[in-house]
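These are the residues of each chain, in order.
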Amino acid sequence: IMVVSGAGISVAAGIPDFRSQHGVYQMVEEKFDLPDPQSLFDIDYFVHNPLPFFTFAKNLYPGKYSPTLSHKFIRALEDKGSLLRNYTQNIDTLEKEA
């Protein structure tokens, strides 16, 4: 079985998405003086000022959010040996926490 998942399964756990009105880009734009919200993930900006990225990453540190049913399902597939691939854009590792 192959799983393709996006931000929605983690948004249900309380992790903000990136582009909505209350998303990550909006939050970092309000909190940090970034030239562009996507600078958070730009290596050239990181070299200049790593604080915004580390602050963001700290908020995603494992243990702060609980896995959703979708994360638990992906983990169950893996535990049963049925998961061939899990393609995801998520960086929260909640399927490993499940």
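Read on for an overview of the structure. (Residues numbered from 1 in each chain as written. Predicted model: local features only at pLDDT ≥ 70, side-chain atom pairs only at ≥ 80, totals over all residues. Heavy atoms only, no water.)

1. Some thoughts on the overall build of the protein chain
Here is step 1: When its secondary structure is counted, the protein chain shows six helices and two strands.
Here is step 2: The secondary structure elements of the protein chain, listed N-terminal to C-terminal, are β-α-α-α-α-α-β-α.
Here is step 3: Summarising its shape, the C-alpha atoms of the protein chain cover approximately 45 × 25 × 20 Å along the three principal directions.
Here is step 4: Evaluated residue by residue, the protein chain yields a buried proportion of 30% over its 98 residues.
Here is step 5: With 9 positive and 12 negative side-chain charges, the protein chain shows a spacing of 11 Å between the two charge centroids. (Helix = DSSP H or I, 4+ residues; strand = E, 2+ residues; numbered from the N terminus. Buried < 20%, exposed > 50% of the residue type's maximum accessible area, 1.4 Å probe, protein only. Lys, Arg positive; Asp, Glu negative; His and termini not counted. Charge placed at Lys NZ, Arg CZ, Asp CG, Glu CD.)

2. Regarding helix H2 (residues 24-31)
Residues separated by three or four positions in an α-helix point in the same direction, a consequence of the helix having 3.6 residues per turn.
Here is step 1: For H2, the full list of buried residues reads Val-24, Tyr-25 and Val-28. Looking straight down H2, one finds its buried side chains confined to an arc of 95°; they lie on one side.
Here is step 2: Buried residues along H2 sit in contact with helix H4 (51-59). (Arc of directions from axis to C-beta. Contact = heavy atoms within 4.5 Å.)

3. With respect to the packing of aromatic side chains
One pair of aromatic rings is described through two measures. These are the centre distance and the angle between the planes.
Here is step 1: The full count for this structure, using the stated rule, is five aromatic pairs.
Here is step 2: Centroid distance Phe-41 to Phe-53: 6.2 Å. Interplanar angle 80°. Geometry classified as edge-to-face. Highlighted residues: Phe-41 in the loop between H2 and helix H3 (43-48) and Phe-53 in helix H4, separated in sequence by twelve residues.
Here is step 3: Given the relative accessible area of 36%, Phe-41 is considered partly exposed.
Here is step 4: Phe-53 sits in the partly exposed class, given a relative accessible area of 28%.
Here is step 5: The interplanar angle of 85° and the centroid separation of 5.8 Å between the aromatic rings of Phe-46 and Phe-53 together place this pair among those described as edge-to-face.
Here is step 6: Judged by relative accessible area, which is 27%, Phe-46 ranks as partly exposed.
Here is step 7: Through pairs of rings, three or more aromatic residues link up here, namely Phe-41, Phe-46, Phe-53, Phe-54 and Phe-56. (Phe/Tyr/Trp six-rings, centres within 6.5 Å; stacked < 30°, edge-to-face > 60°.)

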